[in-house]
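# Fold and contact review
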Amino acid sequence: MKKLLALSFLLLCISAQAKELDQSLIKVSGKCKKRVATDRSRLEINVENSGQDLDALYNLTLSTYEKILKEIKQLKLKNSSLETSSYQVRKEYDWNKGKRIFRGHKVSISISVSSSETKKMTKVIALTNKHKITNIKGLNQFVSDETFDQLKSECLKKAVLDAKEKALSMAKALGRKLGKHFYLVEGLQETSRPRPQFRTEMMAMKSISSRQSKGPTIGKGHRTFNFFVTGEFVVK
């Protein structure tokens, strides 16, 4: 009796494995490409001074930094973020006939400014001109986390439907139907960045002299995202 039960169990296992092996899979991918306008911009401002008197340099740099920080806050930029990104004090040297000669110190404080009001960033640039700040990095336009999350949610649904449609089409061509089981993995490929569009503006910012108070015209940036899913569908 025990041998008969064992044999029956073995036959059931073999039958289950045979059914599993008999299952066919269709491997597909689904895509959703979306081009969206950037809704945030970031500017890096570096307040720096060089000279011999370290205490005087520190006070001057800190004073300028606090003034421009206060004036930027007064602009009341929407969705703004002000972050002190770096603070440095270092010695500077010159070389004369192979010898290193101490020239003085350099004190610098950097502030990162971001806002959803990209066009208003020209006013921030104008403030840097007012305070004779020449070391400005940016302008980097990007998509906010909130916009990205919403875009991802919408686009992944389209990518999944695209993958399912492909799987259905392939199964139909084979005279089969899709089973209940499937396996999908999401992915993202960023195909464009807004920075190249702004290179001419960067050059313009660097060329602005202290006599000019108006900042450059800022062009609206865009970014393209390719969301995709890859996976397998069981066919029967």
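See the structure shown above.
Keep in mind that what you see is a predicted model, and the values were worked out from it rather than measured.

### Quick word on the environment of glutamate 117
Mapped onto the fold, glutamate 117 is located in the loop between strand 4 (99-115) and helix 3 (121-130). Between the C-alpha atom of glutamate 117 and that of lysine 78, which follows or precedes it by 39 residues, the distance is 6.2 Å. Those residues in contact with glutamate 117, other than ones at most four positions away along the chain, are Lys76, Leu77 and Lys78.

### Considerations on the sheet that holds strand 5 (residues 135-142)
Strand pairing within a sheet occurs via backbone hydrogen bonds; the two strands may be parallel or antiparallel. Taken in spatial order, the four strands line up as 3-4-2-5 in an open sheet, and their pairing is antiparallel. Every other strand in the sheet has two partners, leaving strand 3 (81-96) and strand 5 as the edge strands with one partner each. The mean angle between the axes of side-by-side strands here comes to 15°, regardless of whether they run parallel or antiparallel. Pairing of strand 2 (residues 40-51) with strand 4 involves 11 bridges; the strand directions are antiparallel. Following the sheet pairing, valine 47 is matched in strand 4 by isoleucine 109. Strands strand 2, strand 3 and strand 4 of the sheet are contacted by helix 2 (residues 54-74), whose axis makes an angle of about 15° with strand 4.

### With respect to the nonpolar core
Soluble, globular proteins show a tendency: their nonpolar side chains are buried together. Residues Leu43, Ile45, Ile72, Val113, Met121 and Val124 are the most contacted members of the largest nonpolar core, which totals 19 residues. Elements supplying a minimum of two residues to this core: strand 2, helix 2, strand 4, helix 3 and strand 5. The residues contacting valine 124, other than those within four sequence positions of it, are Leu43, Ile45, Ile72, Leu75 and Leu77. By size, the runner-up hydrophobic cluster in this structure holds 18 residues, among which are Val143, Cys155, Ala159 and Ala171.

### Notes on the state of the cysteines
Such a bond, covalent and formed between the sulfur atoms of two cysteines, is termed a disulfide. Summed over the entire model, instances satisfying the criterion amount to one disulfide. Residue cysteine 32 pairs covalently with cysteine 155 via a disulfide, S to S 1.9 Å. Around the S-S axis, the bridge from cysteine 32 to cysteine 155 shows a dihedral of about -80° and counts as left-handed. Placement of the pair is cysteine 32 in strand 1 (residues 24-37) and cysteine 155 in helix 4 (residues 145-173), with a sequence separation of 123 residues. Among the residues examined, cysteine 32 registers a relative accessible area of 7% and is labelled buried. Judged by relative accessible area, cysteine 155 falls into the buried class, the value being 2%.

### A few points about the packing of helix 2 against helix 3
Remark: helix 2 packs on helix 3, axes separated minimally by 10 Å, with the N-to-C direction vectors making an angle of 155°. As summarised for this structure, helix 2 and helix 3 are arranged roughly antiparallel, according to the angle between their axes. The chirality of how helix 2 crosses helix 3 is right-handed. Taken together, the residues of helix 3 that come into contact with helix 2 (itself represented by Ile68, Glu71 and Ile72) are Val124, Leu127, Thr128 and Lys130. Residues belonging to the contact of helix 2 with helix 3 are distributed by class as follows: four nonpolar, one polar and two charged.

### As for the packing of aromatic side chains
Counted according to the given criterion, the structure contains six aromatic pairs. Aromatic pair tyrosine 58 and tyrosine 87: ring centres 6.4 Å apart, planes at 80°, arrangement edge-to-face. Of the two residues, tyrosine 58 sits in helix 2 while tyrosine 87 sits in strand 3, which places them 29 residues apart along the sequence. Of the residues examined, tyrosine 58 reaches a relative accessible area of 33% and is grouped as partly exposed. Judged by its relative accessible area of 46%, tyrosine 87 is partly exposed. Taken together, Phe148, Phe225 and Phe227 form an aromatic cluster joined through their ring pairs.

Definitions and limits used
Residues numbered from 1 in each chain as written. Predicted model: local features only at pLDDT ≥ 70, side-chain atom pairs only at ≥ 80, totals over all residues. Heavy atoms only, no water. Helix = DSSP H or I, 4+ residues; strand = E, 2+ residues; numbered from the N terminus. Contact = heavy atoms within 4.5 Å. Pairing = 2+ DSSP bridges. Axes fitted to C-alpha atoms, helices over the stretch in contact; angles between N-to-C directions. Core = buried A, V, L, I, M, F, W, Y, C linked by side-chain atoms within 4.5 Å. Buried < 20%, exposed > 50% of the residue type's maximum accessible area, 1.4 Å probe, protein only. Disulfide = S-S within 2.5 Å. Parallel < 35°, antiparallel > 145°, perpendicular 65-115°, else oblique. Left-handed = near helix turned anticlockwise from the far one by under 90°. Nonpolar A, V, L, I, M, F, W, Y, C, P; charged D, E, K, R; others polar. Phe/Tyr/Trp six-rings, centres within 6.5 Å; stacked < 30°, edge-to-face > 60°.

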